[in-house]
Amino acid sequence: MRPAGVSGQASCNVNTPVLISDVCGSECGVRVRASWSSRADVHRARCGSHVCVSGFVSGSSEEDCGAVLPESEGCTDALISERYLTLSFTDRVECWEIQHPQNKLVWKREQDNTGHAVALPLVSGGYIMPKPPFFRPLCSKLCAVSLALGSEHAVLLTSDGTVYSWGSGSHGQLGHGALTSQEEPQVVEALWGVPIRAVSAGNWHSASVSTGGDLYMWGWNESGQLGLPSRGLEEEKRRRKSSGNMTIYEADVFISIQAFPALVDVPNVSEISSISCGSRHTAAVTGTGDLYTWGWGHYGQLGHGTENSTDEPTLVDYFPSHHMCVKDVICGLWNTFVSAVPKEQPPS
């Protein structure tokens, strides 16, 4: 696997993928977890596992470049926010305050390891929030297998492919057809009968992928993050047109808020295999190993070589041009990380 990153900060925007780690041919697997200004890489190997943190750490004026955290030895998963790092072990979950020069353990909970393994933020009996109070209980009857957290809402996937959501609905991000909030998990009825295999949540938008590879999205579309026509981008397109030869295809209808799940068409793609939502952008991996991105691109997070935003799912040319097959994608708030491998060459 070769994790590549597309990210940006005020002083340095990266608008095309760059190689940040090459683990091809090694026995180590890497899973990236990202926040706004830092990331946690979960390294898994036969000899053990640990987490490396890169980016800016509270209390330090310098960027940390992949420091191994001793407290993470043996962990199975991790989540990172601007202030806290959550570590999951087979028998416990810990939350550490990230600070310089030494991290501080601020919360710990024992967990039952007899059930089926789940990924953070899910833990035994509930889930973990990125800030205190960290633990929130969850009804065991839901049989949750995946949970995605937005800034103010949550989207949950059950073992039978049903989607639930709760939290703030101010931008339609719950998918219930209204802009009201829900305190308890409620079925997304528009997806009833459609078996779902993956869910994701941005700050104010949500996404799901069916077992057949169809992509459904709902919530706020201010930056085109739903892949639907956005009025907010029309003026930007017209400005670009005035500075060069560019044809504008005007939509008959613009979508600001999509309160029900909408089936999103990705041109020339028959199947989506995985999806990830950033703050206001979205990235999808196709069944053939291509990467498409859309939404807000101000920090180069779309990987198209510009800082333009788009409401049209667009192929990231870097990977096919470098004969790479994308396996997975993880969006931070304003950045994107990709795992890719060299494409297999056909026999001569």
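Residues numbered from 1 in each chain as written. Predicted model: local features only at pLDDT ≥ 70, side-chain atom pairs only at ≥ 80, totals over all residues. Heavy atoms only, no water.

Novice: Where do I start with the sheet that holds strand E20 (residues 196–201) in this structure?
Specialist: Where strands meet in a sheet, backbone hydrogen bonds hold them as pairs that are either parallel or antiparallel. Read across the sheet, 4 strands follow the order E20-E21-E22-E23 without closing on themselves; strand pairing throughout is antiparallel. The two strands at the open ends of the sheet, each matched to only one other strand, are E20 and strand E23 (257–264). Strand-to-strand twist in this sheet, taken as the mean axis angle between neighbours without regard to direction, amounts to 15°. With 5 bridges connecting them, strand E21 (residues 205–210) and strand E22 (residues 215–220) associate as antiparallel partners. Along E22, the bridge assignment pairs His205 with Gly219. (Pairing = 2+ DSSP bridges. Helix = DSSP H or I, 4+ residues; strand = E, 2+ residues; numbered from the N terminus. Axes fitted to C-alpha atoms, helices over the stretch in contact; angles between N-to-C directions.)

Novice: Whenever I open this one, the environment of Glu312 confuses me. Can you help?
Specialist: Here Glu312 is to be found in strand E27 (residues 310–315). Taking C-alpha positions, Glu312 is 7.0 Å from Leu228, a pair spaced 84 residues apart along the chain. The contact partners of Glu312, leaving out residues within four places of it in the chain, are Lys237, Thr293 and Trp294. (Contact = heavy atoms within 4.5 Å.)

Novice: I tried to follow the packing of aromatic side chains on my own but got confused; where do I start?
Specialist: Each aromatic ring pair is specified by the distance between its two centres and by the angle formed by the two planes. Under the defined criterion, the tally for this structure stands at 9 aromatic pairs. A ring pair is formed by Tyr84 and Phe134, whose centres lie 5.1 Å apart and whose planes are at 85°; its orientation type is edge-to-face. Here the residue Tyr84 occupies a position in strand E10 (residues 84–88), and Phe134 occupies one in the loop between strand E14 (126–128) and strand E15 (135–137), the gap between them amounting to 50 residues. The burial state of Tyr84 is the same as that of Phe134; both residues are buried. On the basis of an interplanar angle of 45° and a centroid distance of 6.0 Å, the ring pair of Trp107 and Phe134 is categorised as tilted. Of this pair, Trp107 sits in strand E12 (residues 104–110) while Phe134 sits in the loop between E14 and E15, and the two are 27 residues apart along the sequence. What links up through ring pairs into an aromatic cluster is the set Trp36, Trp296, Tyr299 and Trp334. Lying across the ring of Phe89, Arg92 places its NZ or CZ 3.8 Å from the centre. The ring centre of Phe135 lies 3.9 Å from the NZ or CZ of Arg109, which sits over that ring. (Phe/Tyr/Trp six-rings, centres within 6.5 Å; stacked < 30°, edge-to-face > 60°. Buried < 20%, exposed > 50% of the residue type's maximum accessible area, 1.4 Å probe, protein only. Lys NZ or Arg CZ within 6 Å of the ring centre and 35° of its normal.)

Novice: Quick question: what am I supposed to make of the pattern of salt bridges here?
Specialist: Between side chains of opposite charge, pairing is possible as soon as their charged atoms come close. What the rule picks out here adds up to 7 salt bridges. A salt bridge links Asp77 to Arg33; its shortest N-O distance comes to 2.9 Å. One end of the pair, Asp77, is in strand E9 (residues 77–80); the other, Arg33, is in strand E5 (residues 29–34), and 44 residues separate them in sequence. The exposure class assigned to Arg33 is buried, which follows from its relative accessible area of 12%. In this structure, Arg92 engages Glu94 in a salt bridge whose closest nitrogen and oxygen atoms are separated by 2.8 Å. Each member of the pair Arg92 and Glu94 is classed as buried. (Salt bridge = Lys/Arg side-chain N within 4 Å of Asp/Glu carboxyl O.)

Novice: Just checking my understanding: could you explain unusual backbone geometry for this structure?
Specialist: Most peptide bonds adopt trans geometry, and most residues besides glycine take a negative phi value. Each neighbour pair has its own omega, and for Leu120 with Pro121 the value is 15°, a cis peptide bond. Its place among the elements puts Pro121 in the loop between E12 and strand E13 (122–123). The peptide bond linking Pro132 to Pro133 adopts the cis configuration, its omega dihedral lying at -10°. For Pro133, the location among the structural elements is in the loop between E14 and E15. At Cys143, a position not held by glycine, the phi torsion is positive, near 55°. Looking at the element boundaries, Cys143 is found in the loop between E15 and strand E16 (144–149). The class for Cys143 is partly exposed, based on a relative accessible area of 37%. Phi at His323 takes a positive value of approximately 55°, unusual for a residue other than glycine. Counting through the fold element by element, His323 comes out in the loop between helix H2 (318–321) and strand E28 (324–331).

Novice: Sorry, what's going on with the sheet that holds E27 here?
Specialist: The sheet built from 4 strands is open, its strands ordered E24-E25-E26-E27 with antiparallel pairing. Looking at which strands have only one partner, the edges of the open sheet turn out to be strand E24 (272–277) and E27. Adjacent strand axes in the sheet meet at a mean angle of 15°, parallel and antiparallel pairs treated alike. As paired elements, E24 and strand E25 (residues 281–286) share 5 bridges and run antiparallel to each other. Looking at E25, one finds that Ser274 is bridged to Val285.

Novice: Sorry, what's going on with the environment of Leu122 here?
Specialist: Within the element layout of this structure, Leu122 appears in strand E13. Look at Leu122 and you get buried, because its relative accessible area is 4%. Considering only alpha carbons, one finds Leu122 and Val145, 23 residues apart in sequence, at a separation of 8.0 Å. Leave out the neighbours within four places in its chain, and Leu122 touches Tyr127, Leu138, Ala144, Val145, Ser146 and Leu147.

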